[in-house]
Amino acid sequence: MTYLLPILGVLLGFVFVFITKPKKEENFKLLLAFSGAFLLALTLFELFPEVYEVSDSKTIGLFVMLGILLQIFLEFFSKGAEHGHIHLNHEKSQFPWLLFVSLSIHSLLEGLPLEHHSTIIYGILVHKIPIAIILSIFLLDSKIKLINVVFFIFLFAMMTPIGTYLAANFEFIQDYYAPITALVIGVLLHISTVILFESSEGHKFNLRKLIVIILGISIAYIL
């Protein structure tokens, strides 16, 4: 299931968009807010405590910051697709390689802690579904050939399981598990907090978003 769920989450999101053809990304903001809160809470409840137990706190803090900086760097190329914002030209027909490489690195990193923390898979899954939906809306609405869109989505879906496989089979990743996990924590912290900040546009009070955020945190705590 650790390998299968991330793939299913992306592919089901794509199939949903392909069949229903929704046009507005804004309709999925509540789901995005829930995913941000859920992922943030699981990161704090599951990943944070362990890495600080097994390694020097200053080293862990350094790698968390490096993860945040890495994600900021990746977003120069993805234009914010990891948290539901895609600012690319719909009129271009070329394959969006920079977007693909950036999202692939992000997704591969997400898969690294799953070998030791099976619960975090639910956070990754809930995060991937709205991102896959929004990404699919953009790709299918662009002038990129359908075969290239399917190729993009399929490879994107495979990246998180590849990360999990690498973590399970490469000694280097196992030997440096704590700092690598701290790096991933930084990536997830940046993504989830940006999603939450962006879900409160104009800093206006929104009861529905507040409820789904509290629901996401509560479910993560119970798990």
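Here the residue numbers are simple positions, counted from 1 along each chain's written sequence. Since the coordinates come from a predicted model, pLDDT governs what is reported: local features require at least 70, and pairs of side-chain atoms require 80 or more to be given and counted, while whole-chain, interface and lining totals use all residues. Heavy atoms throughout the structure, all of them, feed into the side-chain values; hydrogens and water do not.

1. Focus: the overall build of the chain
- Looking only at helices and strands, the chain has nine helices and zero strands in total.
- Exposure is judged per residue with a 1.4 Å probe applied to protein chains only, and the accessible area is read against the type maximum: over 50% gives exposed, under 20% gives buried, and values in between give partly exposed. Each of the 223 residues in the chain was classed as buried or not, and the buried ones make up 51%.
- Contacts are assigned to residue pairs with any non-hydrogen atoms lying within 4.5 Å of each other. Counting contacts in the chain only where the partners sit at least 6 residues apart, residues at least 24 apart contribute 84% of the total.
- Carbon and sulfur atoms form 69% of the exposed surface of the chain, whose accessible area is close to 11200 Å². Strands here are runs of E lasting at least two residues and helices are runs of H or I lasting at least four, both read from the DSSP assignment and numbered beginning at the N terminus. Note on areas: Shrake-Rupley, 1.4 Å probe, and residue coverage restricted to the protein chains presented here.

2. Observations concerning the packing of aromatic side chains
- For Phe, Tyr and Trp, rings pair up if their centres lie within 6.5 Å, where Trp contributes its six-membered ring, and each pair is then called stacked (planes under 30 degrees apart), edge-to-face (over 60) or tilted (otherwise). Taken as a whole and judged by the stated rule, the model has eight aromatic pairs.
- The interplanar angle of 5° and the centroid separation of 5.6 Å between the aromatic rings of phenylalanine 48 and tyrosine 52 together place this pair among those described as stacked. Placement of the pair is phenylalanine 48 and tyrosine 52 together in helix α2 (residues 29-54), with a separation of four residues, close to one helical turn.
- Overall, the relative accessible area of 17% leaves phenylalanine 48 in the buried class.
- When the centroid spacing of 5.1 Å and the interplanar angle of 45° are considered together, the rings of phenylalanine 172 and tyrosine 176 count as tilted.
- Each member of the aromatic cluster is reached from another via a ring pair, and the members are Trp97, Phe100 and Phe152.
- Either the NZ atom of lysine or the CZ atom of arginine qualifies as a charge over a ring when it sits within 6 Å of the ring centre and within 35 degrees of the ring normal. In this structure, lysine 21 packs its charged tip against the face of phenylalanine 18, placed 5.0 Å from the ring centre.

3. What to know about the side chain of serine 192
- Mapping serine 192 onto the fold places it in helix α8 (residues 177-198).
- Contacts of serine 192, omitting those with residues within four sequence positions, involve Gly36, Leu39 and Leu40.

4. Some remarks on the confidence of the model for the chain
- Per-residue confidence from the predictor is reported as pLDDT, a score between 0 and 100. In this model, the chain carries a mean pLDDT of 86, and residues with pLDDT of at least 70 account for 90%.
- Put simply, helix α5 (residues 120-141) is where the chain has its lowest mean pLDDT, 87, and helix α6 (residues 146-169) is where it has its highest, 92.

5. Regarding the pattern of salt bridges
- Each salt bridge in this description consists of a side-chain nitrogen of Lys or Arg and a carboxyl oxygen of Asp or Glu lying within 4 Å of one another. In this structure the tally under the stated criterion is one salt bridge.
- The shortest N-O distance in the salt bridge between lysine 128 and glutamate 110 comes to 3.4 Å. Separated by 18 residues along the polypeptide, lysine 128 in helix α5 and glutamate 110 in helix α4 (residues 97-111) bring together distant segments of the chain. The pair formed by lysine 128 and glutamate 110 is uniform in burial state, with each residue classed as buried.

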